[in-house]
Amino acid sequence: EDQVTQSPEALRLQEGESSSLNCSYTVSGLRGLFWYRQDPGKGPEFLFTLYSAGEEKEKERLKATLTKKESFLHITAPKPEDSATYLCARGSQGNLIFGKGTKLSVKP
Amino acid sequence: DTAVSQTPKYLVTQMGNDKSIKCEQNLGHDTMYWYKQDSKKFLKIMFSYNNKELIINETVPNRFSPKSPDKAHLNLHINSLELGDSAVYFCASSRRTIGGVGNTIYFGEGSWLTVV
């Protein structure tokens, strides 16, 4: 069964304190591993897509990496404006299957 | 310009009513979707259309009926609303159906439906 599991459910960081979010997924039929950011009251905002193990993508303080079974979203020196829920999704046939997200709070 | 726009943003209605949510995308995409996000923030697909043709229809009560008049629009009609239908409904679009490299789903801002 297709499954995406994210951990932790919630993460509190101090400004400048780097950390990583984890996304594990079922491998068969993977058609991309997607990361989105969702702010309260808004729709998910696309961040990255990764397609093969070893692939990495960066955007400002965020870096996404992919292994055969997991993806990590590394946040370097986060700022309060990075506070949001980060959603991981695996591409399946014609669809995205989402995890439940990690709610990140960054305190000044 | 908003790429994927949906209306209304907020909708409060009584049980048993029929309501519609409209969605339009100006990205020139061929595929459109409806996703539902429940109270636990879990996002799950309901329907997808490719060039006005239904291609995904998840296990959704038949009170929910999508309608695509053209490939830029995908509306969601809900009949006989129930308390459990309260959720956030997101419209989304992608250039083609997910499966090809470089294809990404872009979401609208969501429609908050509350059934009382």
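Just above, that's the structure.
The structure contained in this document is the topic of the report that follows.

Conventions and cut-offs
- Residues numbered from 1 in each chain as written.
- Chains lettered and ligands numbered in written order.
- Predicted model: local features only at pLDDT ≥ 70, side-chain atom pairs only at ≥ 80, totals over all residues.
- Heavy atoms only, no water.
- Contact = heavy atoms within 4.5 Å.
- Buried area = accessible area lost by both parts, 1.4 Å probe.
- Salt bridge = Lys/Arg side-chain N within 4 Å of Asp/Glu carboxyl O.
- Helix = DSSP H or I, 4+ residues; strand = E, 2+ residues; numbered from the N terminus.
- Nonpolar A, V, L, I, M, F, W, Y, C, P; charged D, E, K, R; others polar.
- Buried < 20%, exposed > 50% of the residue type's maximum accessible area, 1.4 Å probe, protein only.
- Polar contact = N/O pair within 3.5 Å; in protein donor to acceptor, adjacent residues only side chain to side chain.
- Pairing = 2+ DSSP bridges.
- Axes fitted to C-alpha atoms, helices over the stretch in contact; angles between N-to-C directions.
- Phe/Tyr/Trp six-rings, centres within 6.5 Å; stacked < 30°, edge-to-face > 60°.
- Lys NZ or Arg CZ within 6 Å of the ring centre and 35° of its normal.

1. Comments concerning the interface of chain B and chain A
Every contact between the two is made by 24 residues of chain B and, on the other side, 21 residues of chain A. For the pair chain B and chain A, the summed buried surface comes to about 1700 Å²; carbon and sulfur atoms form 59% of the total. At the boundary of chain B with chain A, the tally comes to one salt bridge. Note that Glu109 of chain B and Lys42 of chain A form a salt bridge whose closest N and O atoms lie 3.3 Å from each other. Of all the secondary-structure elements, those providing two or more residues to the side of chain B that touches chain A are strand E4 (31–37), strand E5 (43–50) and strand E10 (106–107) of chain B. Here the residues of the side of chain B that touches chain A are counted per class, giving 13 nonpolar, nine polar and two charged.

2. Side note on the environment of Ser39 of chain B
All names here are of chain B. Looking at the element boundaries, Ser39 is found in the loop between E4 and E5. Given a relative accessible area of 71%, Ser39 falls into the exposed group. Residues Ser39 and Val88 lie 49 residues apart in sequence; the distance between their C-alpha atoms is 8.3 Å.

3. A few points about the side chain of His29 of chain B
Residue and element names in this part refer to chain B. As for its position among the elements, His29 is in the loop between strand E3 (19–25) and E4. A relative accessible area of 6% places His29 in the buried class. A polar contact is formed between the side chain of His29 and the side chain of Ser93, at a distance of 2.8 Å.

4. Some thoughts on the sheet that holds strand E8 (residues 70–75) of chain A
All names here are of chain A. On the basis of which strands lie adjacent, the open sheet formed by five strands has the order E1-E3-E8-E7-E6 and antiparallel pairing. In the strand order of this sheet, the two ends are held by strand E1 (4–7) and strand E6 (56–59), each with one partner. Averaged over all adjacent pairs, the angle separating strand axes in this sheet is 15°, with direction ignored.

5. So, the packing of aromatic side chains
Evaluation of the coordinates by the stated rule reveals twelve aromatic pairs over all chains. The interplanar angle of 50° and the centroid separation of 5.8 Å between the aromatic rings of Tyr36 of chain A and Phe98 of chain A together place this pair among those described as tilted. Here the residue Tyr36 of chain A occupies a position in strand E4 (residues 33–38), and Phe98 of chain A occupies one in strand E10 (residues 95–98), the gap between them amounting to 62 residues. Each member of the pair, Tyr36 of chain A as well as Phe98 of chain A, carries the same accessibility label: buried. Considering the side-chain rings of Phe90 of chain B and Trp112 of chain B, the 6.3 Å spacing of their centres and the 70° angle between planes classify their relative orientation as edge-to-face. Residue Phe90 of chain B is found in strand E9 (residues 87–94), and its partner Trp112 of chain B is found in strand E11 (residues 111–115); the two are separated by 22 residues along the sequence. Phe90 of chain B sits in the buried class, given a relative accessible area of 0%. An aromatic cluster is present here, built from Tyr36, Phe46 and Phe98 of chain A together with Tyr10, Tyr33, Tyr35, Phe90, Tyr106, Phe107 and Trp112 of chain B joined pairwise through their rings. Positioned above the aromatic ring of Phe42 of chain B is the side chain of Lys100 of chain A, whose terminal nitrogen or guanidinium carbon lies 5.7 Å from the ring centre.

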